[in-house]
Amino acid sequence: MSIPECFAKAVNAGTDIVADSNDIENLKAAYENGWISERRINEANVKLLTEMFETYRKQAAKQLVN
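Below is a short write-up of the structure. (Residues numbered from 1 in each chain as written. Predicted model: local features only at pLDDT ≥ 70, side-chain atom pairs only at ≥ 80, totals over all residues. Heavy atoms only, no water.)

Things to note about the pattern of salt bridges
If charged atoms from side chains of opposite charge come close, those side chains can pair. The condition is simple: A carboxyl oxygen of Asp or Glu within 4 Å of a side-chain nitrogen of Lys or Arg is what we treat as a salt bridge. Each helix is a run of H or I in the DSSP string that is no shorter than four residues. Each strand is a run of E no shorter than two, and both are numbered from the N terminus. Per-residue accessibility, obtained with a 1.4 Å probe over protein chains only, is compared with the maximum for each type, and a residue is labelled buried under 20%, exposed over 50%, and partly exposed between these values.
All chains considered together, the criterion is met by six salt bridges. Here Arg-40 makes a salt bridge to Glu-43, at a shortest N to O gap of 3.8 Å. Taken as a pair, Arg-40 and Glu-43 lie in helix α3 (residues 38-65) at a separation of three residues, close to a single helical turn. Across the salt bridge formed by Glu-54 and Arg-57, the nearest N and O atoms sit 2.6 Å from each other. In this pair, Glu-54 and Arg-57 are both assigned in helix α3, three residues apart and thus about one turn of the helix distant. Relative accessible area serves as the criterion here: at 29%, Glu-54 is assigned to the partly exposed category. Connected through shared salt-bridge partners, Asp-16, Arg-39, Arg-40, Glu-43 and Lys-47 make up one network.

This is the structure we're talking about:
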C-alpha cells in the first residue's frame, strides 16, 4: 500500500490528523486519486480547528480568572 493510500485509509477510518506530519503532498495525492473526499477532509479540518479554538478559549478564560 502506498503512502497516499495509507493516509486515505487513516483519514477515512476517522483519524483527523496524521501525527507528526506536514505531508501535504501525500494527502493531496490521496485526494486526487479519489481515495479521500473533499467532504471528509473538510470534516476533519472543522473538528481540528474547533478543538484548537476551544482549547485556546479555555486557557484564555482560565488566565483571566487567575
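On we go.
Here we look at a nonpolar patch on the surface
Note the following rule: The patch calculation keeps residues exceeding 30% relative accessible area without a salt bridge and links them within 9 Å when they carry like charges or within 5 Å when they are nonpolar (Val, Leu, Ile, Met, Phe, Trp, Tyr). Shrake-Rupley sampling with a 1.4 Å probe provides the accessible areas, and residues are treated as covered by the protein chains on show and by no other component.
On the surface, Leu-49, Met-52 and Phe-53 cluster together into a nonpolar patch covering about 350 Å² of accessible area. Checked against the element boundaries, Met-52 lands in helix α3. We classify Met-52 as exposed; its relative accessible area is 55%.

Any functional reading would require information that these geometric values do not contain.
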